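As a plain string of letters, each chain reads:
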Amino acid sequence: SRRAAQTPEERTHGELDHTSTLELYLRRRCGGNAKRLLGEFQLAFATFLLMSSLSAFEHWKDMVVLLASSAEAFSTRPGLMHNFVASLEFQLKNAQEDFFRDQICAGSFLHHAVLRLSESAEALREAKGGPLL
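Attention in this report is confined to the structure presented alongside it. Not measured: the values here are computed from a predicted model.

One pass over the structure, following the stated rule, counts four salt bridges. Glu 40 is the salt-bridge partner of Arg 29, the closest N and O atoms lying 3.8 Å from each other. Note that Arg 29 is positioned in helix α2 (residues 19–30) and Glu 40 in helix α3 (residues 34–51), a separation of eleven residues in sequence. Judged by its relative accessible area of 53%, Arg 29 falls in the exposed class.

Have a look at this one:
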């Protein structure tokens, strides 16, 4: 198996950075098209807000966690990550204030996802020695 052929460092990296999972999702669900992924991300959020769909919220949440956990994608897919961060920022700025107090989001994944994004962006910025995107 592929996993058995990996070094311990590669396995650890794969558990911490989900870029390979993101790439697999892009190929299988979006035909490799990053714009489709972003559209799906935006549609899930809009469906959640407008229709109070819990399944749409769960899908949006899963996408936030996947993308926020894909640190290597800042280097391999900078356009996707730039557009993801911009979309997430727009969504959060335009969400109603109670969205952040609601039990679904309270003290949860969102804080951790934004923290991971920030750490990934900072690490890449330091590695590049300049602006991120």
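Structure's up, so let's keep going.
Before going further, it helps to examine a nonpolar patch on the surface. A cluster of nonpolar side chains, Leu 49, Leu 50 and Met 51, forms an exposed patch at the surface whose accessible area comes to about 370 Å². Checked against the element boundaries, Leu 50 lands in helix α3. Classification of Leu 50 as exposed rests on a relative accessible area of 73%.

Turning our attention to the side chain of Glu 40. Here Glu 40 falls in the buried class, since its relative accessible area comes to 17%. Those residues within four positions of Glu 40 in sequence are excluded, and the remaining contacts are Tyr 25, Arg 29, Cys 30, His 59 and Met 63.

On to the packing of aromatic side chains, then. Describing an aromatic ring pair means giving the distance of the ring centres and the angle of the ring planes. Across all of its chains, the model carries five aromatic pairs by this definition. Their ring planes at 15° and their centres at 6.3 Å tell us that Phe 41 and Trp 60 sit as a pair that is stacked. On the criterion of sequence distance, the pair formed by Phe 41 in helix α3 and Trp 60 in helix α4 (residues 54–68) is long-range, its members being 19 residues apart. Overall, the relative accessible area of 0% leaves Phe 41 in the buried class.

About the criteria used
- Residue positions within a chain follow its written sequence, with the count starting from 1.
- Given that this is a predicted model, residues contribute local features only at a pLDDT of at least 70 and side-chain atom pairs are listed and counted only at 80 or more, while totals for whole chains, interfaces and linings are drawn from all residues.
- Note: side-chain values were computed over all heavy atoms of the structure, leaving out hydrogens and water.
- We define a salt bridge as a contact between a side-chain nitrogen of Lys or Arg and a carboxyl oxygen of Asp or Glu at a distance within 4 Å.
- Secondary structure counts use DSSP, requiring at least four H or I residues in a row for a helix and at least two E residues in a row for a strand, with both numbered from the N terminus.
- Relative accessible area decides the class of each residue, using a 1.4 Å probe on protein chains only: under 20% of the type maximum gives buried, over 50% gives exposed, and in between gives partly exposed.
- By definition, no residue in a patch forms a salt bridge, and every one has over 30% relative accessible area; like charges are joined within 9 Å, nonpolar side chains (Val, Leu, Ile, Met, Phe, Trp, Tyr) within 5 Å.
- Computed by Shrake-Rupley with a 1.4 Å probe, the accessible areas treat only the displayed protein chains as cover when residues are assessed.
- Any two residues whose heavy atoms approach within 4.5 Å at even a single point are treated as in contact.
- Aromatic pairing here means that ring centres of Phe, Tyr or Trp (its six-membered ring) are within 6.5 Å. Orientation follows from the plane angle: under 30 degrees is stacked, over 60 is edge-to-face, and everything else is tilted.

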